[in-house]
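# Coordinates in review
Each chain is listed here by its residues.
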Amino acid sequence: MNVLIDTNVILDLLLRREPYYKNAAIISVLSEKGYISSYISASAVTDIYYIIKKELKNKNIILELIKNLLKVNHIATITESSIHEALDLEWDDFEDSIQYITGQQISAEYIITRNPKDFIGSQIKVISPDEFFGIIIK
């Protein structure tokens, strides 16, 4: 099962943001154990680095976190055509448009996010980590 993990869930994991950390960690373990194939968009990696740097300020720790993240998650590429497709969506948040187009390209069954309302109009099922657990445990 291919899933696209939204930036906010990755940040919950890497920054150990409560009360969301546990759910993000479980998703990471599911990917590490091969129960799911999790992806993050290439553009999300740069966003994640930038946001974590503001909080942690230690480049070595940040690089180690990103390297460990990439051991568990696949990177979904962003192409020129991806950018054009995302622009054509005319969604309020361009980053969410990119995430959605990326999800389509990897044939994601789900986009896992804490902000499902940001993906109104998505043809991919958009669910929270809690909703995802309800599906995967069945």
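Read on for an overview of the structure. Fair warning: this is a prediction, and the values are worked out from it, not measured in the lab.

## What to know about the overall build of the chain
From N to C terminus, the chain includes seven helices and five strands. Taken from the N to the C terminus, the helices and strands of the chain come in the order β-α-α-β-α-α-β-α-α-β-β-α. Here the chain has a C-alpha radius of gyration of 14 Å; the compact-globule value for 138 residues is 14 Å, and the two agree. Counted over contacts in the chain with a minimum sequence separation of 6, partners at least 24 positions apart contribute 60%. About 7800 Å² of surface is accessible on the chain, with carbon and sulfur atoms providing 52% of the total.

## Let's talk about the nonpolar core
Counting 27 residues, the largest nonpolar core has Ile 5, Ile 27, Ile 48, Ile 112 and Phe 132 as its most contacted members. Taken together, the elements giving at least two residues each to this core come down to β1 (2-5), α1 (7-14), α2 (21-32), α3 (42-56), α4 (59-72), β4 (110-112) and α7 (129-136). The contact partners of Ile 27, leaving out residues within four places of it in the chain, are Ile 5, Val 9, Ile 36, Ile 112, Pro 129, Phe 132 and Phe 133.

## Topic: the packing of α3 against α4
When two helices pack together, you describe them by how their axes are tilted relative to each other and by the distance separating the axes. Their axes nearest at 10 Å, the elements α3 and α4 cross at an angle of 145 degrees. As for the relative orientation of α3 and α4, their crossing is right-handed in sense. When α3 is examined against α4, the residues Val 45, Ile 48, Tyr 49, Ile 52, Lys 53 and Leu 56 are found in contact with a partner set consisting of Lys 59, Ile 61, Ile 62, Leu 63, Leu 65, Ile 66, Leu 69 and Leu 70. By residue class, the composition of the contact of α3 with α4 is twelve nonpolar, no polar and two charged.

## Structural notes on the pattern of salt bridges
Under the counting rule described, the total for this entry stands at three salt bridges. A salt bridge links Arg 17 to Asp 12; its shortest N-O distance comes to 2.8 Å. Residue Lys 117 is joined to Asp 118 by a salt bridge in which the shortest nitrogen-to-oxygen separation is 3.7 Å. Here Asp 118 falls in the partly exposed class, since its relative accessible area comes to 30%. Here the salt bridges do not stand alone but share partners, grouping Asp 12, Arg 17 and Arg 114 into one network.

## Some remarks on the packing of aromatic side chains
Enumeration over the complete set of coordinates arrives at four aromatic pairs. Ring geometry for Trp 91 versus Phe 119: centroids 6.1 Å apart, planes at 85 degrees, classification edge-to-face. Residue Trp 91 is found in the loop between α5 (80-89) and α6 (94-105), and its partner Phe 119 is found in the loop between β4 and β5 (125-127); the two are separated by 28 residues along the sequence. Given a relative accessible area of 18%, Trp 91 falls into the buried group. Between the aromatic rings of Phe 132 and Phe 133, the centroid separation amounts to 6.5 Å while the plane-to-plane angle is 55 degrees, which identifies the pairing as tilted. We note that Phe 132, like Phe 133, is buried. Clustering of aromatic rings is evident, with ring pairs tying together Trp 91, Tyr 100 and Phe 119. Its end group placed over the ring of Tyr 20, Arg 114 keeps NZ or CZ at 3.7 Å from the ring centre.

Conventions we followed
- Residues numbered from 1 in each chain as written.
- Predicted model: local features only at pLDDT ≥ 70, side-chain atom pairs only at ≥ 80, totals over all residues.
- Heavy atoms only, no water.
- Helix = DSSP H or I, 4+ residues; strand = E, 2+ residues; numbered from the N terminus.
- Rg over C-alpha atoms; globule rule 2.2 N^0.38 Å.
- Contact = heavy atoms within 4.5 Å.
- Areas by Shrake-Rupley, 256 points an atom, 1.4 Å probe, with all protein chains shown as cover.
- Core = buried A, V, L, I, M, F, W, Y, C linked by side-chain atoms within 4.5 Å.
- Buried < 20%, exposed > 50% of the residue type's maximum accessible area, 1.4 Å probe, protein only.
- Axes fitted to C-alpha atoms, helices over the stretch in contact; angles between N-to-C directions.
- Left-handed = near helix turned anticlockwise from the far one by under 90°.
- Nonpolar A, V, L, I, M, F, W, Y, C, P; charged D, E, K, R; others polar.
- Salt bridge = Lys/Arg side-chain N within 4 Å of Asp/Glu carboxyl O.
- Phe/Tyr/Trp six-rings, centres within 6.5 Å; stacked < 30°, edge-to-face > 60°.
- Lys NZ or Arg CZ within 6 Å of the ring centre and 35° of its normal.

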